[in-house]
Structure formats: structure tokens, C-alpha cells
Amino acid sequence: MKNFITKIIKKDLLNKKIHKIKTRFPPEPNGYLHIGHAISIFLNFEIAKYFKGECYLRFDDTNPNVNGKKYINSIKKDINWLGFTWDDKEKYASDYFDIFYYYAVKLIKKNLAYVDELSKEEIKKFRGTIKEKGIASPYRNRSVKKNLQMFEKMKMGEIQEGKACLRAKINMHSPSLVLRDPVLYRIRFKEHYKTKKDWIIYPTYDFSHCISDAIEGITHSLCTIEFQENRYLYNWILKNLEIQNFSKQYEFSRLNIEYNVTSKRFIKKLIKNKIIQNWKDPRILTISSLKNRGYTSDTIIEFCKKIGITKKEKNISISVLQNCARKKLENCFRVMAIINPIKVVIESIPDNFVKVIEVYNHPKKKDFGKRKIIFTKEIYIEKSDFSTIEKKNYKRLVLGKKVKLRYSYIIKAKKIIQDKFGNIVTILCKHYENKSLKSIKNIGIIHWISKKYAKKAIFYIYKNLFNKKFPEYKENLCSQIKKNSLVKKLGFIDISSKILRKKRFQFERIGYFIFDKSLSKINKTLVFRKIVGIKKKIF
């Protein structure tokens, strides 16, 4: 495992700055984990493993407005599914509320924090911009005694929510907006899922996070690049609180994947507007949705390894993730399925003709055994595998031309039957023995299913959720949604109950699919979700 962070750690160990590595994965329990979290999970747990250290799981549950209990189990489940186990029992920032309060009082006593009564809007206005210096709050120079009294009133619930907050006293003229007297504590009259009604004041993420790291003895606090500016505040708090276990923060690049958003806030909007069903919807990139779609855990780990850890912003093609999936799914059993069926009648074959054909479950894995497929007079092929006219590089069935049926005969399209709307409903063909194949140059091969023995199936086909390569968060996300990102197709499949237990399959010439047992029970029909297409897909 090599990246700029491991180089830093090696140097720290060599110089004996630390003796044992301690990292942590600290999610806020306000939603499901996504592919970006997977990178952080992989980094923190693998680094601890590589250097024979420890990695903790800590829930940053300092916001009572979030129902943490709802998401904690899903987070633990996703981490375990990825193959990681945290050291010690899971930790909660809310367990340190007494300590946070103690340190907040300490900052007030050192005249490094004050109670501000400006409104949220006024604080934002007074903070200024990158080009304009901030303006000091009229409450900034209160006495320590007065601030202690006001903070106690906040704690006792004697001040209304939004009417006061505790701010650090740093520098309103700092070039870093983060250091312009950031908020450390705010009032929330909402019951916390864990501490119930014990507290009315709650620390901000910036205040609690660095102290939690110090309490747990974290040696290397790893986070994404958007927290780079926050590092100055992280260090300021620990330095001025004179905490011995001074953790150090290091940032790595944030992940942006084509045609996707990972922001939990925006995913909640998509759910609220009924654009997606829930956090497990296969069209988004939460870990649960990837699992639901059929991705394997080792696919996600392979993806993490492939993109690596750097400081540069990363815009990743969705094909990188898809290629990782194909690599891990290569050993799936092969099955023939028809998603957009059209009927073929082979007139040169008797009505009661039945031929049993044995084929390997995997062309390169003979030890996977064989399955039986049945050939009859009437079969289904894909609509896209037939054309009434010749096309350039189109090696499929064309009216008046021949094509090879996979594992079976050569057929020639003689005539078509159309309905009253002009749609082709049946293709009439003649068959030829396989020995004729050598005399036909550049003949194509298509797959098929016997009409008599085909099983009905519903196929969920997923496309990009967004029509923009990299959706703009500042714009209305709903206006960037691509129509028909989920298409349901009613087709046919040739599969036995025994093979069905394998769960994941490659539908020959189409892609990789997963069998959805729950949806199959609801629909009373076999249901398959498309995981990813093959590279040379037919539609």
C-alpha cells in the first residue's frame, strides 16, 4: 500500500513521533454510506492493518436534529459487508458531551470564546467574504464572567434556540473564513436519540471532531480535501486547550463520479421528490444501493485500489467502476435471456421437434459443469438481432441472409409477418446443418430461447440518473434528471432452479444480472436487475 499518507506515517514511525498507528472512520449518522465513504473506509482500515495499528468506528452524532439510530445499523452493516471490522467497541461523540462542555468552559475562561447573540443571518453577514474583512460582533468583548453566565443560561435552557451561540475568539480579519470566530456550540431544544433530554446545547462538528480524535488517541486524522481549511481550526482548538494527544489532520482528494451525486443532502432531496425510491435505489452510489444492484464487495475494494489516494481532485469515469465489476463477475455462470423478444418460426423443422443440447456453464471453466438447453421449431431472439435490410458491420439475422444460432443450427430469414400496425411479430426461417458453416464467410452468431420452454422474466435495466456528466449542485438537481433511468422489460430466460441459486449471471451478449428473490415473490415472476453490461453489448 503506497500513497502520500503512508509515506508520512512511515516517516513518523521512523522518527519515533508515534509508536502505534491509530486511525478512525467517523461518519455522521445522517444517511447511508456512499462510494466516497468506501474510499475513506478502505484507507483508514487498510492503513491500520498495514502498520499493525488500530482503526476505530466513531459516530459523530452531535446533531440532535438527525435520527442517528435510524442509520447506525446500516453503516455498521455496510462496513462489515466491505470486509472490515473495527477495533474495540464502536464509539460515539455523544459519549463525550461532558468533556466537550468542560473544554468549552475552558476556552471561555481563557477569553478565547464568547457567547454571541447575533442571528444566524447576521453572523454570516458579519463574517465577510474572501475579499472583504469580517466585522467583529458587538458581543465579542464581553467579560469572561458574563460569558460564563450566558453559557450557563444556554445550558439551562433559559435562552431560546437561535438567540445565542458560543463562538471562538480568533481573528475576524483572517484570510481564512473558517477562522473568523467560528461557532462552537448552539442551542437545540430537540431530544437527542442517545442522550435524550440531558443536553440543550450541542457542539459543532469542528469543535467536537478534533477533541474526539484526541480523546481516542488518533495519530492520523484522515479526511477529504474540502476540510483542508478546517485543519487550521482543528489545530487552533487542540493547541489552545493544551490537549496532550495532539492528533494531526491530513487531507486526500474527494471523489466525483460521472452522472452521479454522493451528497447525502441531495440524495434526501431525490428521495423526497420521489425521483428515486430510497437509499438503496440501484441508480445511486450508496454502498447499500451498489449491493442491491448486484455489485460485490470485492468490486468496491478493487475500485478503491484502482483510483488510489492523492491530493488532486478526481473526476472518475463511471466505466472505471463498471470495469472493476466485470473483472469480479467474469466467473459467473452463462445463461441465455431474451429481453426484447421477437418470435422466429423455423418452417423446415417438424412441429413436434425437440433437441436437447448440452453446453458448458462457463466457456473457460469446464469444471463448472454443463446445462441443458432445448431447441424447438419456435424460438425467441432479440429484436435488435433482426433487420429487414442489410447494414454495414451488422452480423446478425437479415431478411434473405443466414446467421448462426448459438450452440445450434444456421438459419435463413425467408419472410416476415406483420400486425395491422406494421410491426414485425414473426420471422419465418429455414434451418441448415452446422457443417455448412465453413462455406459461409463472416457469418454472425446470435442467441435464442425455445418459445415452448422459455420462462417469463422481468428485467430491470438501469441507465444514468443524470443527463449531465457532472451534475451541478448549485442548480436545481431535479431539472438535471435523465428520463427513463429505470426501464422494466418483460422477456424470457432459459434457466433451471438449480442454476438460479447462483444468483449472479452473465446473460450472453447482454451483460451481468442478479436475481432478485424478493421482487420475484412480489411480481410472481422471475426478476433480474442489470448490474453492468458487457463491453460488446448488443443494445
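Reading the values: rules and limits
- Residues numbered from 1 in each chain as written.
- Predicted model: local features only at pLDDT ≥ 70, side-chain atom pairs only at ≥ 80, totals over all residues.
- Heavy atoms only, no water.
- Helix = DSSP H or I, 4+ residues; strand = E, 2+ residues; numbered from the N terminus.
- Rg over C-alpha atoms; globule rule 2.2 N^0.38 Å.
- Contact = heavy atoms within 4.5 Å.
- Areas by Shrake-Rupley, 256 points an atom, 1.4 Å probe, with all protein chains shown as cover.
- Lys, Arg positive; Asp, Glu negative; His and termini not counted.
- Charge placed at Lys NZ, Arg CZ, Asp CG, Glu CD.
- Domains from an automatic or database assignment.
- Buried area = accessible area lost by both parts, 1.4 Å probe.
- Salt bridge = Lys/Arg side-chain N within 4 Å of Asp/Glu carboxyl O.
- Polar contact = N/O pair within 3.5 Å; in protein donor to acceptor, adjacent residues only side chain to side chain.
- Phe/Tyr/Trp six-rings, centres within 6.5 Å; stacked < 30°, edge-to-face > 60°.
- Buried < 20%, exposed > 50% of the residue type's maximum accessible area, 1.4 Å probe, protein only.
- Lys NZ or Arg CZ within 6 Å of the ring centre and 35° of its normal.

S.K.: Got a sec to walk through the overall build of the protein chain? Specific residues and values, please.
M.R.: What the protein chain contains, in helices and strands, is 14 helices and 28 strands. Relative to the compact-globule value of 24 Å for 539 residues, the protein chain shows a C-alpha radius of gyration of 31 Å, a clear excess of over 25%. Along the first, second and third principal axes, the C-alpha set of the protein chain runs to 100 × 55 × 45 Å. Within the protein chain, contacts between residues at least 6 apart in sequence are counted, and of these 72% link residues at least 24 apart. Approximately 27400 Å² of the protein chain is accessible, and the part contributed by carbon and sulfur atoms is 49%. The average position of the 118 basic charges and that of the 51 acidic charges among the side chains of the protein chain differ by 8 Å.

S.K.: Describe the domain arrangement of the protein chain, with residues and values.
M.R.: One can read the domain layout of the protein chain as domain 1 (4–252), domain 2 (264–330 + 456–533) and domain 3 (336–453). The C-alpha-based centres of domain 2 and domain 3 are spaced at 30 Å. Taken together, the 15 residues of domain 2 in the interface contact 21 residues of domain 3. Summed over both partners, the interface of domain 2 with domain 3 buries about 1500 Å², with 54% contributed by carbon and sulfur atoms. Area buried by domain 2 at its contact with domain 3 is led by F492, E508 and R509, which between them contribute 46% of it. Connecting domain 2 to domain 3 are three salt bridges. Among the ionic pairs, R371 bridges to E508, the shortest N-O distance being 3.3 Å. Applying the counting rule to domain 2 against domain 3 returns nine residue pairs in polar contact (both at pLDDT 80 or more).

S.K.: Can you explain the packing of aromatic side chains? Please cite residues and give values.
M.R.: Two aromatic rings are characterised by how far apart their centres lie and by the angle between their planes. Within this structure, the stated rule accounts for 28 aromatic pairs. Taking 4.3 Å as the distance between ring centres and 15° as the angle between the ring planes, the aromatic pair formed by F507 and F513 counts as stacked. Relative accessible area serves as the criterion here: at 0%, F507 is assigned to the buried category. Residue class for F513 comes out buried when judged on its relative accessible area of 0%. Judged by centre distance (5.6 Å) and plane angle (50°), the ring pair of F515 and F528 falls under tilted. Here F515, found in strand β27 (residues 511–515), pairs with F528, found in strand β28 (residues 526–533); they are 13 residues apart in sequence, far enough to count as distant. In terms of burial, F515 and F528 fall into one category: buried. Taken together, the ring pairs in this structure connect Y96, F97, F100, Y101, F151, Y185, W199, Y202 and F207 into an aromatic cluster. Here R265 stacks its cationic end above the ring of F266, 4.8 Å away from the centre of that ring.

S.K.: Any chance you could break down the pattern of salt bridges for me, citing the residues and the numbers?
M.R.: Per the counting criterion, the structure on display carries 28 salt bridges. With its nearest N and O atoms 3.5 Å apart, the salt bridge here joins K110 to E242. With K110 in the loop between α4 (97–109) and β4 (113–116) and E242 in the loop between α8 (230–241) and β9 (248–252), this residue pair connects regions lying 132 residues apart in the sequence. You can call K110 partly exposed: its relative accessible area is 34%. The salt bridge partner of R334 is E330, with a shortest N-O separation of 3.1 Å. Overall, the relative accessible area of 8% leaves R334 in the buried class. Taking the relative accessible area as the measure of exposure, E330 reaches 30% and is therefore partly exposed. The network of salt bridges with common partners includes R24, R58, D60, D213 and E216.

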